[in-house]
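Residue-level structural notes
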Amino acid sequence: MNTLVLLRMVPDLVEELEVDASSKALDRQWLRLVLNEVDDHALEEALLLKERHGGSVTVLALDAPEVDDALYAAAAKGADRVVKITHSLDGVGTWTLAQLLAQVVSAFSYDLILTGVQAVDDLDGVLAPMLAARLCLPYLGPVTAVRADPAARTATVERELAGGIKGEYRLPLPCVLGIQAAEKPLRYVTVSRVRQMMKTTHIEKMPAPKVATDSPVTVRRLYKPEVAGRAEMLEGTPQEVAQKLVAILAERGVL
Amino acid sequence: MTAQEVWVLVEHRQQRVADITFELLGLGREVAQALQAPLKAVLLGHQARDLASALGAADAVLYMDHPALTEVTPEAYARALKPLLQERRPRLMVIGLTNFTLGLGPYLACELQWPFVNFCKGMHVEDGSVVITCLLYGGKMEAEVELPAEPGLIGVMPGASPADKGRDERFPLVEEVLSPPGLEQQAVQFLRYIQPEAADVDITTQEVLVSVGRGIQNQENIALAEELAQALGGAVCASRPVIDQGWLPLSRQVGKSGMTVKPKLYLALGISGAPEHVEGMKNAGLIIAINTDLRAPIFNVAHYGIVADVLEVLPALIEAIRGKKGG
């Protein structure tokens, strides 16, 4: 089982987000980027597949600040190859990214392509199905478990539906899956192990092919949402807010 | 030539039209009116024609029947819709962003090379252009996006419009459309539904829910939430990251993939309020949120909010409740 995993760096939502002077994009100057959490789950699922079926895990990531750390961490977890796609497209949209990656993956041999089911900065789409369509491959998501049968060239996957119900589906290999959560909690790697990887791992670099970057939609403006129906905020020490809450609960008849 | 029609994709399962469809019909009607265009519901399925009777809010229903359309998979739906969309070129096709149809819009947009705007929470028409408001960055930002005057696809988040606006007793005109040849040769095969394991606690029936998110920090701290739930006579539930860590079973998950709850009291502890979570709890009677981030979107749906570390407030709150009850 050779699995390709696509990783993206996305803005850290814990940080304050600011809009740039154009009013159409985030101010990237102070933007802290973190690995898209569901992409990390895609990596975990790929590593679980490798443990069960052998084969290899190749991680591809688009160049971005902090991306090397994410690639070294992926290597520390067990990825066999880590590849950085170098490009000069700042803030490239999903539409373009799908085109670009469809060309990039043709340089690799793979049975499966896994990536997170979505990213917080998706505006014009969701990467996995867009990539699948570009590659003329079947797609399914949001997936929470993958069983492969390399001999039969199929994968059996669990897809989350609603109300805790899941569906089980079979797809031919190769296919593209949008991962929502790995079957097991993410494995932990120590900082020292990642540091060790920094010394021994070679991050391969691959230039991004040139693709048309025009998204067919126009962003007029990006802004912080107006806050409607905002909560009444309670202030004070933990003891004081606890007393205020108790009074509210008593008044509402909950206590 | 693009027909000025607004189409809404019908989502249904087990012989029932899903609420999201009525939300989309309500929203679609407003846009159709502004464009002076007809609103059409697109119903794909197998032996599902009767469902058209629920779609009276639409001027007409386009119905396609094929066994391959019994279950929703992006591939089968895209293959069924692509020739229809190419032939009739509606101004807009509106698709719900649920787990069933999440991948369909992008897949179809790529196949058709049509523009697609995702995570829509509202739309309106300005000088003949369709302007869409999208919720991004976990609800921390909004974008206003304009579609070109060509056919386009839109993915709409649940809750964008009230479902009641899209319900109508009228019986709509039904037009049967032929399925494209070769539809049965789909790659993705549905095998079965997997029902959730019998839960120790049914969180959908609880009147008080203490819900924990990432801010609870570790599994040991869930005991504190349990203590609070016990003091309040309720149960503990959680947002996605806590479930993914394996700290609580899947049956306790609130949100898009998990349960939709409507308790009298919902205490959101260390939950940021991503749209996927809010979808499952926004109709609770009283929502109280505690989070360290003043800008967390959870404070936009909560009635009361406290900017604090849940681990500092929780012990004080448990003590205060016990004091009140004891007194």
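Scroll up to find the structure.
Calculation notes
- Residues numbered from 1 in each chain as written.
- Chains lettered and ligands numbered in written order.
- Predicted model: local features only at pLDDT ≥ 70, side-chain atom pairs only at ≥ 80, totals over all residues.
- Heavy atoms only, no water.
- Helix = DSSP H or I, 4+ residues; strand = E, 2+ residues; numbered from the N terminus.
- Rg over C-alpha atoms; globule rule 2.2 N^0.38 Å.
- Buried < 20%, exposed > 50% of the residue type's maximum accessible area, 1.4 Å probe, protein only.
- Contact = heavy atoms within 4.5 Å.
- Lys, Arg positive; Asp, Glu negative; His and termini not counted.
- Charge placed at Lys NZ, Arg CZ, Asp CG, Glu CD.
- Buried area = accessible area lost by both parts, 1.4 Å probe.
- Salt bridge = Lys/Arg side-chain N within 4 Å of Asp/Glu carboxyl O.
- Pairing = 2+ DSSP bridges.
- Axes fitted to C-alpha atoms, helices over the stretch in contact; angles between N-to-C directions.
- Core = buried A, V, L, I, M, F, W, Y, C linked by side-chain atoms within 4.5 Å.

**Things to note about the overall build of chain B**
Scanning chain B from N- to C-terminus turns up 8 helices and 17 strands. Its C-alpha atoms give chain B a radius of gyration of 22 Å, within 12% of the compact-globule value 20 Å for 327 residues. A buried classification covers 61% of the 327 residues belonging to chain B. Of the contacts formed within chain B by residues at least 6 apart in sequence, a portion of 65% connects residues at least 24 apart. Side chains of chain B carry 27 positive and 38 negative charges; the gap between the two charge centres is 2 Å.

**What to know about the interface of chain B and chain A**
Every contact between the two is made by 81 residues of chain B and, on the other side, 83 residues of chain A. When chain B packs against chain A, close to 7400 Å² is buried across both sides, 62% of that on carbon and sulfur atoms. When the buried surface of chain B facing chain A is broken down by residue, B:Tyr137, B:Glu144 and B:Tyr304 rank first, second and third, together holding 10% of it. Put simply, chain B and chain A have 8 salt bridges between them. Ionic pairing is found between A:Glu168 and B:Arg192, a salt bridge with its closest N-O pair at 2.9 Å. Ranked by residue count, the leading element in the side of chain B that touches chain A is helix α8 (residues 310-326) of chain B, at 8 residues. Note: strand β9 (residues 166-172) of chain A against strand β12 (residues 189-194) of chain B, 5 bridges, orientation antiparallel. In the strand pairing of β12(B), A:Glu168 is matched with B:Arg192.

**Remarks on the sheet that holds strand β16 (residues 286-291) of chain B**
Spatial strand order, β13(A)-β17(B)-β16(B)-β15(B)-β13(B)-β14(B): 6 strands in an open sheet with parallel pairing. Taken across any chain shown, the strands that pair with only one partner, and hence form the sheet edges, are β13 (232-233) of chain A together with β14 (235-238) of chain B. In this structure, strand β13 (residues 208-212) of chain B lies alongside β14(B), joined through 4 bridges in parallel fashion. Residue pairing for β14(B): B:Leu209 is matched across the bridge by B:Ala235. Along the sheet, helix α4 (residues 222-232) of chain B contacts β13, β14 and β15 (265-269) of chain B; its crossing angle with β13(B), the most-contacted strand, is approximately 170 degrees.

**Concerning unusual backbone geometry**
Across the junction of A:Gly141 and A:Pro142, the peptide omega takes the value -5 degrees, indicating a cis bond. Residue A:Pro174 is reached from A:Leu173 by a cis peptide bond, and omega for that bond is -5 degrees. By the element assignment, A:Pro174 lies in the loop between β9 and β10 (175-179). Positive phi values are uncommon outside glycine, yet B:Gln47 reaches one of about 50 degrees. Following the sequence through the fold, B:Gln47 ends up in the loop between β4 (39-45) and β5 (60-65).

**Some details on the nonpolar core**
The biggest cluster of nonpolar side chains holds 156 residues, and the ones touching the most others in it are A:Val59, A:Leu177 and B:Met123. Ranked by residues supplied to this core, first place goes to helix α1 (residues 19-35) of chain B with 8 residues. By size, the runner-up hydrophobic cluster in this structure holds 42 residues, among which are B:Val212, B:Val236, B:Leu265 and B:Val310.

**Comments concerning helix α3 (residues 104-112) of chain B**
Structural remark: α-helix, 3.6 residues per turn; residues separated by three or four positions point the same way. Residue and element names in this part refer to chain B. Summarising burial for α3: 8 of the 9 residues are buried, a large majority. For α3, the full list of buried residues reads Leu104, Gly105, Pro106, Tyr107, Leu108, Ala109, Cys110 and Leu112. Positioned one or two residues after α3, Gln113 has a phi angle of 60 degrees, which is positive.

**Comments concerning the sheet that holds strand β5 (residues 81-86) of chain A**
Across a sheet, paired strands are connected by hydrogen bonds in the backbone, their directions being either parallel or antiparallel. Read from one edge of the open sheet, 10 strands run β11(A)-β5(A)-β4(A)-β1(A)-β6(A)-β10(A)-β7(A)-β8(A)-β9(A)-β12(B), paired in mixed fashion. In the strand order of this sheet, the two ends are held by β11 (203-207) of chain A together with β12 of chain B, each with one partner. Between one strand and the next, the sheet's axes are offset by a mean angle of 30 degrees, whatever the strand orientation. Of the strands in this sheet, β1 (2-7), β6 (112-116), β7 (139-149) and β10 of chain A are in contact with helix α4 (residues 127-135) of chain A, which crosses β10(A) at around 175 degrees.

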